[in-house]
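Fold and geometry: a report
Residues per chain, in single letters:
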Amino acid sequence: MTLLTGGLAAVFGAAFGAIFADGVLHQSTETATGTGGFTVSWSDSPIKLCLDAVDQVTRGAAGLPSKVVKLTVLQASAPGGIGLDDQISLAGLTYRVVNVDTDPAAVGFVLLAVPI
């Protein structure tokens, strides 16, 4: 594996994992019940992330709610990815993911999330 084929995420994960906070990624899975309905189950995984505020100008320009935050998750700690149905717990709060991006170097997921 070279740095360009995914090794960079592992390198950054090892280098910065100690300074990122510990959080929990809650991912949902829907399963058909066979009667036209479905059930939702949740699985939890530890992740490494940092929380940042989103300034008022950025929120206003994008039409985002005032409580939106930016979460940067080390990609090495969430190898299965992060989706819009997922939730993240950090420091006693749980956030609902409302936007998912990757950083230009593809070493982290850059999320916008709102507390629930």
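Just above sits the structure.
Below is a summary of the structure that appears in this document. (Residues numbered from 1 in each chain as written. Predicted model: local features only at pLDDT ≥ 70, side-chain atom pairs only at ≥ 80, totals over all residues. Heavy atoms only, no water.)

1. A word on the pattern of salt bridges
- Counted according to the given criterion, the structure contains one salt bridge.
- For the salt bridge of Lys48 with Asp22, the shortest nitrogen-to-oxygen distance reads 2.7 Å. With Lys48 in strand β2 (residues 38-53) and Asp22 in strand β1 (residues 21-32), this residue pair connects regions lying 26 residues apart in the sequence.
- Exposure remark for Lys48: the relative accessible area of 21% places this residue in the partly exposed category.
- Take Asp22: its relative accessible area is 59%, and that puts it in the exposed class. (Salt bridge = Lys/Arg side-chain N within 4 Å of Asp/Glu carboxyl O. Helix = DSSP H or I, 4+ residues; strand = E, 2+ residues; numbered from the N terminus. Buried < 20%, exposed > 50% of the residue type's maximum accessible area, 1.4 Å probe, protein only.)

2. Comments concerning the sheet that holds β1
- Ordered in space as β1-β2-β3-β6-β5-β4, the six strands form a closed barrel in which the pairing is antiparallel. On average, each strand axis in the sheet is inclined to that of its neighbour by 45°, with strand direction left out of account.
- In this structure, β1 lies alongside strand β4 (residues 87-90), joined through three bridges in antiparallel fashion. By the bridge assignment for β4, Val24 is matched with Ser89. (Pairing = 2+ DSSP bridges. Axes fitted to C-alpha atoms, helices over the stretch in contact; angles between N-to-C directions.)

3. Section: the side chain of Arg59
- Inspection of the secondary structure puts Arg59 in helix α2 (residues 56-62).
- No salt bridge is formed by the buried Arg59. Its closest oppositely charged neighbour is Asp55, at 6.7 Å.
- Those residues within four positions of Arg59 in sequence are excluded, and the remaining contacts are Val54, Leu64, Pro65, Ser66 and Val68. (Lys, Arg positive; Asp, Glu negative; His and termini not counted. Contact = heavy atoms within 4.5 Å.)

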